[in-house]
Amino acid sequence: PFSDIFKNLIGALIFHFEGIKLRRWGFWVDFNGIRLNPQQGTPIGDLDINFTQILTEGVGFYRWNIGAHNLDALGGLRYSSMDVELELPGPLPSVDQRKGWVDPFVGARWLWQMSERWNLILRGDIGGFGVGSDLTWNLVGLVDFKPWKHVSLFGGYRALYQDYSTGSGDKKFAFDATMQGPILGLNITW
């Protein structure tokens, strides 16, 4: 549950930078990092976990302007990294495991300027194709409110699914999960 994540949250950072030339060709880079430190009591002592996850995207797009609507065709790469440190109670050895992989993806983004101050942004992409993950998909929905000329506030929801595995036997690493949750942010434009 989100309440458990928030209770165990050490820190989170999200950064998005986007540029566009001649209102047609554009790019963005996106960085998401989170660090959690849940602790769990066991009959033989405390279990201490340090979990760090990084998601970074580099995306290029081409935009079609249709009145108050913009449609972007997307292509990019998503780098995923997970680092788990597990300190076991008693004489048990600690575990430190890190995995990282890159997924290509394609998708679309729709931006609708509902009024001078309100925008709706919907994005979807699919990827992996066996290069990194077997399959990954991403859905984002945002509402953007612009109370000032160069500053807006946005909120919405994101769901990202990844099905990645490597190795076999006791060396196998598998991550098959949907990460989802609310998004709140501040947007500065110039």
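In this report, the structure presented in the accompanying data block is examined. (Residues numbered from 1 in each chain as written. Predicted model: local features only at pLDDT ≥ 70, side-chain atom pairs only at ≥ 80, totals over all residues. Heavy atoms only, no water.)

### Focus: the overall build of the protein chain
Line of reasoning, step 1. Helices and strands together make up the secondary structure of the protein chain, namely one helix and 10 strands.
Line of reasoning, step 2. When the helices and strands of the protein chain are listed from N to C terminus, the series reads α-β-β-β-β-β-β-β-β-β-β.
Line of reasoning, step 3. If you line up the protein chain on its principal axes, its C-alpha atoms span 65 × 35 × 25 Å.
Line of reasoning, step 4. In the protein chain, 51% of the contacts between residues at least 6 apart in sequence involve partners at least 24 apart.
Line of reasoning, step 5. The distance from the centre of the 17 positive side-chain charges to the centre of the 19 negative ones in the protein chain is 11 Å. (Helix = DSSP H or I, 4+ residues; strand = E, 2+ residues; numbered from the N terminus. Contact = heavy atoms within 4.5 Å. Lys, Arg positive; Asp, Glu negative; His and termini not counted. Charge placed at Lys NZ, Arg CZ, Asp CG, Glu CD.)

### Section: the pattern of salt bridges
Line of reasoning, step 1. According to the stated counting rule, one finds nine salt bridges in the structure shown.
Line of reasoning, step 2. With a shortest N-O distance of 2.8 Å, E57 and R78 are connected by a salt bridge. Pair noted here: E57 is in strand β4 (residues 45–66) and R78 is in strand β5 (residues 69–87), with a separation of 21 residues, a long-range link.
Line of reasoning, step 3. A relative accessible area of 3% places E57 in the buried class.
Line of reasoning, step 4. The shortest N-O distance in the salt bridge between D72 and R63 comes to 2.7 Å. R63 carries the same exposure label as D72, and that label is buried. (Salt bridge = Lys/Arg side-chain N within 4 Å of Asp/Glu carboxyl O. Buried < 20%, exposed > 50% of the residue type's maximum accessible area, 1.4 Å probe, protein only.)

### Points about the side chain of S80
Line of reasoning, step 1. Along the chain, the position of S80 falls in strand β5.
Line of reasoning, step 2. Residue class for S80 comes out buried when judged on its relative accessible area of 1%.
Line of reasoning, step 3. Within the structure, the side chain of S80 is placed 2.7 Å from the side chain of Q162, a separation counted as a polar contact.
Line of reasoning, step 4. In contact with S80, other than residues within four places in its own chain, are I54, L55, K99, G100, W101 and Q162. (Polar contact = N/O pair within 3.5 Å; in protein donor to acceptor, adjacent residues only side chain to side chain.)

By themselves, these observations are geometric and do not establish any function.
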